[in-house]
Amino acid sequence: MKLSVVGCGRLGAPYAASLAQIGHEVMGVDTDPAQLAALKDGRAPFDEPGLDDLIAGLSRDGLLRFSHAGYDALDHADIVFVCVPTPQQTDSEEADLTALTAAVLDLAGQATRDTLIIAKSSVPVGTCAALDREIQERVQPGVRVTLGFSPDFLRESTSVADAAKPTRIILGVPDKDDRVERTLRAVWQPWLDMGVPLVVTNRATAELAKSAANAFLATKISYINAMAALCEKTGADITTLATSLAHDPRIGPAMLAPGAGFGGSCIPKDIRALYAKAAQLGVPEGRLFRQVDAINCRRRRRTVELTRQQAGGTLTGSRITVWGAAFKPGTDDLRDSPALAIALDLVAEGAHVVVHDPMALPHITAHHPQLTTAEDPLRAAAGAQILLHLTEWPQYRSINPADVAAVMDTPRIIDARTVLDRTAWEAAGFHHLALGTQTTTN
Ligand code: UGA
């Protein structure tokens, strides 16, 4: 089938590629000149494992093409998926729907034949119903434009594999419209044949299905971090506690890693949009999500507090090394990164901070000149008084602590992801602290 995808960023590019991979002819549209130039050249516009090769191959096979113009999307197909960003507003906790509204209304106004628009960007509940009213004011006479909603659950750094075999497909359709489901079943048939579950519902439920998933994951992380705070005061050990919880099949091990908390461009803004929406709707239960966010932010402050204590009460003039800057391993993405926020707070308190990250250093150099960067973790540690392990890249676990001790001014480490081998670091002479363990000074 012929399909179009408007917005080819971190959601749209892997999604467009996955549709082409299951045999459709896909037209991707993006207005960002740099992003579009890379895509037209058959390359991924950002670092994402496997995406470059996939886009190159599908472009060569003629299954994936790109353009800057919405009318090309409409000309190519009468099913258009919209994957534009819906970030947090700069001056509030609400989602900024400017790009989504513009994309959907432009498509609706330009359509010259019946068209199905499927929004995929995360949105607050009620967005599609509100957009629908505006769509109907724009459509050309005799043309029917239908808006559905189908969220995605791709994770950065594994989005190619996630898109190739979704955990589930959720489809929100306007009331009493079976046509949309029939059409999309045909689009997604290869995934349905693989056993991917399809949930068809109304648009409000589909919108909430995405917010609810991210809020649940965030709640699990803040839950284990609340436990970590209790462990620090009581002599309990958070890693063993998390393992004991994970053995219960009703709880499971996922999203129970304690530490400096969640970040990224999705979970933090989605949880804020959710509690902002709950407040607008007069739903006091939404305060749960505000607490989840507050516990998460507190973990960042706790890491800074610990570092200050270790520096003797003030950070002014101290030399600190930070291992890891990206919001999680496997990506160069610094958006709402706990590691970056902590590093910048340390600088604001007068520390000299040297950062190592396997992928994100070019972005640090370009956007955060107050941080010094080092291409090698050992060089980053040279002369430092405290080493902070903030993003749990696997390569940090294989570094010999004795080599680090040899180059540091004082062998002190704070493991804010609680994954390094305490015994090995202590054996190398380190004073070792980890979030969620009693040796953490209070
Ligand atoms: C998240 C969701 O996992 C996806 O399902 C969703 O599609 C996506 O947001 C989105 O809305 O687009 P992602 O932002 O790639 O995906 O990040 P995750 O892998 O979920 O990690 C989020 C943050 O939580 C990271 O900062 C990570 O370090 C932190 N985390 C994760 C923990 O602190 N503890 C854990 O146990 C797991």
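In this report, the structure presented in the accompanying data block is examined. (Residues numbered from 1 in each chain as written. Predicted model: local features only at pLDDT ≥ 70, side-chain atom pairs only at ≥ 80, totals over all residues. Heavy atoms only, no water.)

**Notes on the sheet that holds strand β11 (residues 372–373)**
Quick reminder of the rule: For two strands to pair, DSSP has to find at least two bridges joining them. In DSSP terms, a helix is any run of H or I states spanning at least four residues, a strand is any run of E spanning at least two, and both are numbered starting from the N terminus. In what follows, a contact means two residues having at least one pair of non-hydrogen atoms within 4.5 Å. Between N-to-C directions, angles span 0 to 180 degrees; the directions come from axes that are lines fitted to C-alpha atoms, helices contributing only their stretch in contact.
Spatial strand order, β11-β10-β9-β12-β13-β14: 6 strands in an open sheet with parallel pairing. Edge strands, defined here as strands with exactly one partner in the open sheet, are β11 and β14 (431–434). This element, helix α13 (residues 338–348), spans β9 (319–323), β10 (352–356) and β12 (386–389) of the sheet and lies at about 160° to β10.

**Examining helix α1 (residues 12–21)**
Filter applied, for reference: Note on exposure labels: buried denotes an accessible area under 20% of the residue type's maximum, exposed denotes more than 50%, and partly exposed covers the range between, all computed with a 1.4 Å probe on protein chains only.
The buried fraction of α1 is high, at 9 of 10 residues. Note on α1: the residue one or two positions beyond its end, Gly23, has a positive phi of about 110°.

**Section: the environment of Asp403**
Here Asp403 is to be found in helix α17 (residues 401–407). For Asp403, a relative accessible area of 39% corresponds to the partly exposed category. For the pair Asp403 and Ala428, spaced 25 residues apart in sequence, the C-alpha separation works out to 8.7 Å.

**A short note on α13**
The α-helix advances 3.6 residues per turn, and as a result positions three or four apart in sequence lie on the same side. How we decide: For the purposes of these results, a polar contact is taken to be a pair of N or O atoms within 3.5 Å, where, inside protein, one atom must be able to donate a hydrogen and its partner to accept one; residues adjacent in sequence count only when each atom of the pair is a side-chain atom.
Within α13, burial applies to Pro338, Ala339, Leu340, Ile342, Ala343, Leu346 and Val347. The elements touched by buried residues of α13 are α12 (287–310), β9, β10, α14 (361–367) and β12. Put simply, Ser337 is the residue that caps the front of α13, since its side-chain oxygen is 3.2 Å from the backbone nitrogen of Ala339. Count one or two residues on from α13 and you reach Gly350, which has phi positive near 100°.

**Quick word on the pairing of strand β7 (residues 169–173)**
Our working rule: When the strands point away from the viewer, a crossover counts as right-handed if the path from the first strand over the helix to the second runs clockwise.
Here β7 lies mainly inside the structure; 5 of its 5 residues are buried. Covered by surrounding structure in β7 are Ile169, Leu171 and Val173 together with Ile170 and Gly172, the residues of both alternating faces. Where β7 lies against strand β8 (residues 198–202), 5 bridges are found, and the strand directions are parallel. Bridge pairing links Leu171 to Val200 in β8. After leaving β7, the chain enters helix α8 (residues 178–193) and then returns to the sheet as β8, a path that is right-handed.

**Observations concerning the packing of helix α11 (residues 267–280) against α12**
Condition: Note on convention: the crossing is left-handed when the near helix lies turned anticlockwise from the far helix by less than a right angle, right-handed when the turn is clockwise. Classification used: nonpolar for Ala, Val, Leu, Ile, Met, Phe, Trp, Tyr, Cys and Pro, charged for Asp, Glu, Lys and Arg, polar for all others including Gly.
Running from N to C, α11 and α12 point in directions that differ by 145°, and their axes come no closer than 8 Å. Remark: the crossing between α11 and α12 carries left-handed chirality. Seen from α11, the contacting residues are Ile271, Arg272, Leu274 and Tyr275; seen from α12, they are Phe289, Arg290, Val292, Asp293 and Cys297. Counted by class, the contact of α11 with α12 contains 6 nonpolar, no polar and 3 charged residues.

**Observations regarding the site of the ligand**
Rules: Being near a molecule or strand, for a residue, comes down to having at least one heavy atom within 4 Å of it. We get accessible surface area from the Shrake-Rupley algorithm with a probe of 1.4 Å; when it comes to residues, only the shown protein chains can shield them.
Around the ligand, the surrounding shell holds 20 residues, and the nearest of these are Leu154, Glu156, Asn214, Ala257 and Phe327. Between the ligand and the protein, one listed contact pairs an oxygen atom with a backbone N or O atom of Phe153 at 3.2 Å. One of the backbone nitrogen or oxygen atoms of Leu256 is found 3.2 Å away from an oxygen atom of the ligand. For the ligand, the protein covers 88% of the area, taking 720 Å² as the surface of the free molecule. Examining the composition of the shell around the ligand, we find that 4 residues originate from one element, helix α9 (residues 203–234), more than from any other.

**Observations concerning the packing of aromatic side chains**
Stated precisely, the cut-off is as follows: Two rings belonging to Phe, Tyr or Trp (six-membered ring only in the last case) form a pair when the distance between their centres is within 6.5 Å. Interplanar angles under 30 degrees mark stacking, angles over 60 mark edge-to-face geometry, and anything in between is tilted. Charges are assigned to positions over rings by a cutoff of 6 Å between ring centre and Lys NZ or Arg CZ, combined with an angular limit of 35 degrees from the ring normal.
Under the counting rule described, the total for this entry stands at 5 aromatic pairs. With a centroid separation of 5.4 Å and 70° between ring planes, the pair formed by Tyr15 and Phe81 is classed as edge-to-face. Of this pair, Tyr15 sits in helix α1 while Phe81 sits in strand β4 (residues 79–82), and the two are 66 residues apart along the sequence. Comparing Tyr15 with Phe81 shows no difference in burial state: the two are buried. Judged by centre distance (6.3 Å) and plane angle (40°), the ring pair of Tyr15 and Trp191 falls under tilted. Here Trp191 lies in helix α8 and Tyr15 lies in helix α1, a separation of 176 residues in the sequence. The buried category is assigned to Tyr15, whose relative accessible area is 4%. Of note, Lys120 hangs over the ring of Tyr15, and the distance from its end group to the ring centre comes to 4.1 Å. The ring of Phe153 carries the charged tip of Arg168 above its face, separated from the ring centre by 3.5 Å.

**Describing the pairing of strand β1 (residues 2–6)**
Two faces make up the sheet, and in a regular strand the side chains alternate between them. With 4 of 5 residues buried, β1 is to be regarded as a mostly interior element. Two strands pair when backbone bridges link them, and β1 and strand β2 (residues 25–29) are joined in this way by 5 bridges, in the parallel orientation. The partner of Leu3 across the bridge, within β2, is Val26. You can see the chain leave β1, run along α1 and come back into β2, and the turn it takes is right-handed. As judged from the 3 bridges shared by β1 and β4, these two strands associate in the parallel manner.

**A closer look at the side chain of His24**
By the secondary structure assignment, His24 is in the loop between α1 and β2. Using a relative accessible area of 5% as the deciding quantity, one classes His24 as buried. Polar contacts involving the side chain of His24 include one to the main-chain carbonyl oxygen of Val187, which spans 2.8 Å.

**Digging into unusual backbone geometry**
Of note in the backbone geometry, Met255 takes a positive phi value of approximately 60° without being a glycine. In this fold, Met255 is placed in the loop between α10 (238–246) and α11. Judged by its relative accessible area of 32%, Met255 is partly exposed.

**Details of the side chain of Asp30**
For clarity, the threshold we go by: His residues and chain termini do not enter the charge count, which takes Lys and Arg as positive and Asp and Glu as negative. Any Lys or Arg side-chain nitrogen located within 4 Å of an Asp or Glu carboxyl oxygen qualifies as a salt bridge.
Relative to the assigned elements, Asp30 resides in the loop between β2 and α2 (33–40). It is Lys40 that comes nearest to the buried, bridge-free Asp30 among opposite-charge side chains, at 11 Å. A polar contact of 2.9 Å, which involves the side chain of Asp30, links it to the backbone nitrogen of Asp32. For Asp30, the contacting residues outside a window of four places in its chain are Gly7, Cys8, Gly9, Gln35, Leu36, Ser67 and His68.

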